[in-house]
Amino acid sequence: MNHPSAPPRSTDGQGLALVVVGVGVCSALHVGKLPVAIPHLQAELALNLVQAGFLLSLVQLAGLSLGLLVGLLADRLGPRRVMLVGLCVLAAGSAGGALALDVNRLLVFRVVEGAGFLLTVLPAPGLLRLHLRDPVRLSRALGWWGTYMPMGTALALLLGVPLMAWSGWRATWWLLALCSLAAAAWLALRVPATVAGDAGPATSSSLWPRLKRTLRAPGPWLVALGFLLYSGQWLAVVGFLPTIYVQAGLGAANVAVLSALAAAVNMVGNVAAGRWLARGARPGVLVALGYGAMAAGAVVAFGAVGYPVLQYLAVLLFSAVGGLIPGTLFGVAVVLAPGRDTVSTTVGWMQQFSALGQFIGPPAVAWWVTRVGGWHWTWVLTGACSLLGLLLAVRLQREWTVRPGTPAN
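These figures come from a predicted structure and were not determined experimentally.

Analysis parameters
- Residues numbered from 1 in each chain as written.
- Predicted model: local features only at pLDDT ≥ 70, side-chain atom pairs only at ≥ 80, totals over all residues.
- Heavy atoms only, no water.
- Helix = DSSP H or I, 4+ residues; strand = E, 2+ residues; numbered from the N terminus.
- Buried < 20%, exposed > 50% of the residue type's maximum accessible area, 1.4 Å probe, protein only.
- Contact = heavy atoms within 4.5 Å.
- Areas by Shrake-Rupley, 256 points an atom, 1.4 Å probe, with all protein chains shown as cover.
- Axes fitted to C-alpha atoms, helices over the stretch in contact; angles between N-to-C directions.
- Parallel < 35°, antiparallel > 145°, perpendicular 65-115°, else oblique.
- Left-handed = near helix turned anticlockwise from the far one by under 90°.
- Nonpolar A, V, L, I, M, F, W, Y, C, P; charged D, E, K, R; others polar.
- Core = buried A, V, L, I, M, F, W, Y, C linked by side-chain atoms within 4.5 Å.
- Expected span 1.5 Å × (residues − 1).
- Phe/Tyr/Trp six-rings, centres within 6.5 Å; stacked < 30°, edge-to-face > 60°.
- Salt bridge = Lys/Arg side-chain N within 4 Å of Asp/Glu carboxyl O.

**Overview of the overall build of the chain**
Along its length, the chain carries 19 helices and 0 strands. Burial statistics for the chain: of 409 residues in total, 58% are counted as buried. A sequence separation of at least 24 residues applies to 86% of the contacts in the chain between residues at least 6 apart. Carbon together with sulfur atoms contributes 70% to the accessible area of the chain, which is approximately 15,800 Å² in total.

Okay, here's the thing in structure tokens:
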């Protein structure tokens, strides 16, 4: 049911999905702007590699600590409302970061950005499910939703290098603050408001039972652990690519294009996962294929020293086929949730573990690189995550077989 003053709901859902994915891309730009800015921050603020790793991952602190709570609130208050608040918080954090005069203040506003990012992206799958009732269209839309992070990261990497070279990193922070406000206006105007009851029970007494049902079900745990094992290694590898290439002596233009392409190809796996799930593919197989490709790609990307073309092709394999993992997990999360009123709560739990992976991944890789004296053994850490992911894929497929691929009620 639509709010009386809301625009009419899209009949095919494509327009709504476009808006939701566009909002996600805008939010991901705030994550992707940091890798490009690291060389500028190192020059201006004397940033070391480990500090850079924490700056990369600190945006995930809110998700790490508040993901489940935000999911509960989104289920209770409605995903659209929470996303609008999140975009405003994201804009405030970016504007504050532009005014930061030292690393400590920048870190504080990075945490604010993380809170806004969480509030914006976490309710999105629930919003899509709320408006897209057809399972095939929902699977495809969720596959496209999984592209928001690689698409935003790729745009930030591609456009951030010339933009920061021309105007500096502070101007980029201001520009993205305005982008977030524009995205909030777009969401408010184009996505229908919903009335109480569309998202399930909305009483305060339902929060605790909803939380217990979510955490007692195996599905939310499986998708959460799957994202943990994926997100940390993907952000660590793609996030440090500009730094690696700058250290190798590549020019700024080459760094931008190569890094952006490595992030962008992740969309291939996300979209493919959504389409294959809509056609009845086994999610466990898709997830296993993604982890296997990430393991093999990391071994070659960091181990084949002296063969730069082969190494870069391996990075593309790592990112592109690895994209099957988030695309699949977003699709199965809305099915394995123990009820329609726990979709955002399940996604919140998944986001919390995803944030944990992104929080510890880049600093862990940075520490490991410093310890061993180079990037050549990075595949040991990422490979361990992929091996555990293969074991998890088997358990995920068993759970999917028990719970057929139909929306939970």
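**Here we look at the packing of helix 11 (residues 218–239) against helix 15 (residues 283–303)**
Following both chains from N to C, one finds helix 11 and helix 15 inclined at 25°, their axes separated by 12 Å at the closest point. Here helix 11 is positioned roughly parallel relative to helix 15, judged by the angle of their axes. Our pair here, helix 11 against helix 15, has a crossing hand that is left-handed. In this structure, helix 11 uses Gly226, Leu229, Tyr230, Gln233, Trp234 and Val237 to contact helix 15, whose residues at the interface are Tyr291, Met294 and Phe302. Taken together, the residues of the contact of helix 11 with helix 15 sort by class into 7 nonpolar, 2 polar and no charged.

**Here's the deal with the nonpolar core**
Judged by nonpolar contacts, the single largest core of 108 residues is most densely connected at Leu128, Trp145, Tyr148, Leu187 and Leu329. For this core, the element with the highest residue contribution is helix 1 (residues 14–45), accounting for 16 residues. Among the nonpolar cores identified, the runner-up in size contains 7 residues, and Leu68, Leu72, Ala224 and Trp349 belong to it.

**Notes on helix 15**
For helix 15, with 21 residues, the first-to-last C-alpha span of 30 Å sits near the 30 Å given by 1.5 Å per residue. Buried residues of helix 15: Pro283, Gly284, Leu286, Val287, Gly290, Tyr291, Ala293, Met294, Gly297, Ala298, Ala301 and Phe302, and no others.

**Here's the deal with the packing of aromatic side chains**
The full count for this structure, using the stated rule, is 11 aromatic pairs. Their ring planes at 75° and their centres at 6.4 Å tell us that Trp145 and Phe330 sit as a pair that is edge-to-face. Of this pair, Trp145 sits in helix 7 (residues 135–145) while Phe330 sits in helix 17 (residues 324–336), and the two are 185 residues apart along the sequence. Of the two residues, Trp145 and Phe330, both sit in the buried class. Between Phe227 and Phe330, the aromatic rings sit 5.3 Å apart at their centres with planes inclined by 65°, giving edge-to-face as the arrangement. Of the two residues, Phe227 is situated in helix 11 and Phe330 in helix 17; the sequence distance between them amounts to 103 residues.

**Details of the pattern of salt bridges**
Enumeration over the complete set of coordinates arrives at 3 salt bridges. A salt bridge links Arg110 to Glu113, with the shortest nitrogen-to-oxygen separation between them at 3.3 Å. Of the two residues, Arg110 and Glu113 are both situated in helix 5 (residues 103–121); the distance of 3 residues between them amounts to about one turn of the helix. The pair Arg110 / Glu113 is uniform in exposure class, with both members buried. Residues Arg395 and Glu399 are paired through a salt bridge, measuring 3.6 Å at the closest nitrogen-oxygen approach. With Arg395 and Glu399 both in helix 19 (residues 378–402) and 4 residues apart, this pair spans about one turn of that helix. A single network of salt bridges, built from pairs that share partners, joins Lys33, Arg110 and Glu113.

**What to know about the side chain of Thr346**
By the element assignment, Thr346 lies in helix 18 (residues 343–372). With near-sequence residues (within four places) excluded, Thr346 lies in contact with Thr214, Pro220, Val223, Ala333, Ala337 and Pro338.

These results come straight from atomic positions and should not be treated as a statement about function.
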